[in-house]
Amino acid sequence: MQKRVIWLVEDEASIADTLIYALQTDGFEVEWFPLGQPLLVRLEQTRPDFLILDVGLPDISGFELCKQVRARCDTPLMFLTARSEEIDRLIGLEIGADDYVAKPFSPREVCARVRVILRRSQPVAQATSQPLVLDEERARICFHGQALALTRYEYLLLKTLMQAPGRVYSRQQLMDLVWSGAEESLDRTVDTHIKTLRAKLRERDSEANLILTHRGLGYSLELA
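From a predicted model like this one, the values you see are computed outputs, not experimental measurements. (Residues numbered from 1 in each chain as written. Predicted model: local features only at pLDDT ≥ 70, side-chain atom pairs only at ≥ 80, totals over all residues. Heavy atoms only, no water.)

1. Details of the overall build of the protein
Across its full length, the protein holds 9 helices and 10 strands. Counting every position in the protein, which comprises 224 residues, the buried fraction comes to 46%. Long-range contacts, defined as pairs at least 24 residues apart, comprise 57% of the intrachain contacts of the protein with a sequence gap of at least 6. Accessible area of the protein: about 11,800 Å², with a carbon and sulfur share of 49%. (Helix = DSSP H or I, 4+ residues; strand = E, 2+ residues; numbered from the N terminus. Buried < 20%, exposed > 50% of the residue type's maximum accessible area, 1.4 Å probe, protein only. Contact = heavy atoms within 4.5 Å. Areas by Shrake-Rupley, 256 points an atom, 1.4 Å probe, with all protein chains shown as cover.)

See the structure below:
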């Protein structure tokens with residue numbers, strides 16, 4: 001079974017080391033960021049399964065970082081902070097955090113809280129036996145229970161294909177449906193986005209072959 005990936009943003013190495021050890025011992029894969037801005041760059045490439053953010057970072061406030069993360073994705077998120085005042089907890093929760101842990105904390109308790117939040121976030125993805133699940137309210141698509149890191153047009157393209165599985169769409173039909181009003185208008189745009197979608201699906205499942213090419217006709221999504 002693939003390990004859940006957690007991104008930890010914490011500028012104090014001693015705290016990060018302790019937490020990384022506990023999370024890895026608990027079966028998670030951890031990627032550590034001592035600053036917040038590099039996480040935003042990484043977020044353009046992929047998505048983790050969970051985020052742990054320190055509030056007091058040198059380069060950006062953890063609250064501001066959370067707002068920018070929430071503008072991009074709905075990944076479950078927890079704050080770590082030295083501030084335990086009620087107003088700070090309320091701010092953190094109101095801007096989109098799922099939990100708030102004050103320092104000093106027990107690494108084992110953090111692990112337990114992470115697992116509880118991950119269990120709560122799973123029902124939408126597990127409600128169907130289909131590998132792909134569209135969550136329009138959150139503007140995301142899950143594949144085998146994990147949200148795909150999609151650009152705007154990748155999301156719209158895959159959403160269009162998912163809404164009529166088996167239907168063959170020509171490149172022009174996809175351009176009209178997905179890129180309506182956009183400056184880009186080349187058929188090659190569709191081919192490029194299909195290629196990146198296939199690559200992202202195969203990152204999760206190396207044998208995934210859901211998007212089919214119909215020579216001279218276009219593309220379809222096959223879920224069966």
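On we go from here.
2. Section: the packing of helix 7 (residues 152–162) against helix 8 (residues 171–178)
It is at 10 Å that the axes of helix 7 and helix 8 come closest, and there the two elements cross at 120°. When the axis of helix 7 is compared with that of helix 8, the two are oblique. Here the hand of the crossing between helix 7 and helix 8 comes out right-handed. Contacts between helix 7 and helix 8 pair Tyr153, Leu156, Leu157, Thr160 and Leu161 from the former with Leu174, Leu177 and Val178 from the latter. Within the contact of helix 7 with helix 8, the residues separate by chemical class into 7 nonpolar, 1 polar and no charged. (Axes fitted to C-alpha atoms, helices over the stretch in contact; angles between N-to-C directions. Parallel < 35°, antiparallel > 145°, perpendicular 65-115°, else oblique. Left-handed = near helix turned anticlockwise from the far one by under 90°. Nonpolar A, V, L, I, M, F, W, Y, C, P; charged D, E, K, R; others polar.)

3. Considerations on the nonpolar core
A general trend in soluble globular proteins is that nonpolar side chains are found buried together. Within the largest apolar cluster, 27 residues are counted, with the highest numbers of intra-cluster contacts made by Leu132, Ile141, Leu148, Leu158, Ile211 and Leu221. Where this core is concerned, the elements lending two or more residues are strand 7 (140–143), helix 7, helix 8, helix 9 (187–204) and strand 10 (218–221). With 6 residues, the single largest contributor to this core is helix 7. Look past the residues within four positions of Leu221 in its chain and what remains in contact with it is Leu132, Leu158, Leu161, Met162, Pro165, Gly166, Arg167, Leu210 and Ile211. Listed in part, the 22 residues of the second largest apolar core include Val5, Ile60, Phe63 and Tyr100. (Core = buried A, V, L, I, M, F, W, Y, C linked by side-chain atoms within 4.5 Å.)

4. A few points about the pattern of salt bridges
What the rule picks out here adds up to 16 salt bridges. Notably, a salt bridge pairs Arg42 with Glu31, separated by 2.9 Å at the nearest N-O pair. A residue pair is termed long-range when its members are at least 10 positions apart, and Arg42 in helix 2 (residues 37–43) and Glu31 in strand 2 (residues 29–33) qualify at 11 residues. You can call Arg42 partly exposed: its relative accessible area is 26%. Under the relative-accessibility criterion, Glu31 is labelled partly exposed at 26%. The closest approach of N and O atoms between Arg113 and Asp99, which form a salt bridge, is 2.9 Å. One end of the pair, Arg113, is in helix 5 (residues 107–120); the other, Asp99, is in strand 5 (residues 99–102), and 14 residues separate them in sequence. On the basis of relative accessibility, which here comes to 28%, the residue Arg113 falls in the partly exposed class. Several salt bridges share partner residues, and in doing so they unite Asp74, Asp135, Arg138 and Arg140 into one network. (Salt bridge = Lys/Arg side-chain N within 4 Å of Asp/Glu carboxyl O.)

Treat this as a map of the structure, not an account of what it does.
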